Amino acid sequence: MKILFIFCDMLRANMLSTFNTKVKDGVMDKWFQSIGGTAYTNCYAASPDSARSIASMYTGMYPKVHGCTTR
C-alpha cells in the first residue's frame, strides 16, 4: 500500500467541486480526480497553523513534545 499526502496550504476546500457541489470542476479538481484516492471531509489538527500541524503528523507527537512552537 502506498500513501500520498498532499498539503495545499491556503487552498480553500469550499472552492473545489470535491467538497462543494455548487462549484464547477477546475484544474485542481481534475487533477485530484485523475490521481484517485480518498478525500477526507473532516479533519482535526494538533495545532491551528500548518507548520506545527505538519510537524505533528510527521513525528506523531503534539507540538509541545516535538518542539515546533513557532509559526
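Look a little higher up for the structure.
No experiment lies behind these values; they were computed from the predicted model shown.

Conventions and cut-offs
Residues numbered from 1 in each chain as written. Predicted model: local features only at pLDDT ≥ 70, side-chain atom pairs only at ≥ 80, totals over all residues. Heavy atoms only, no water. Phe/Tyr/Trp six-rings, centres within 6.5 Å; stacked < 30°, edge-to-face > 60°. Buried < 20%, exposed > 50% of the residue type's maximum accessible area, 1.4 Å probe, protein only. Helix = DSSP H or I, 4+ residues; strand = E, 2+ residues; numbered from the N terminus. Arc of directions from axis to C-beta. Contact = heavy atoms within 4.5 Å.

All right, on to the packing of aromatic side chains then. Think of a pair of aromatic rings as described by two things: how far the centres are apart, and how the planes are tilted against each other in angle. Scanning all chains against the criterion turns up one aromatic pair. When the ring of Trp31 is compared with that of Phe32, the centres are 5.5 Å apart and the planes differ by 50 degrees; the resulting orientation is tilted.

Taken as a whole, helix α2 (residues 50-59) has its buried residues at Arg52, Ser53, Ala55 and Ser56. Each buried residue of α2 lies within a common arc of 160 degrees when the element is viewed along its axis, so the set occupies one face. Tucked inside the fold, the buried residues of α2 contact α3 (63-66). Positioned one or two residues after α2, Gly60 has a phi angle of 80 degrees, which is positive.

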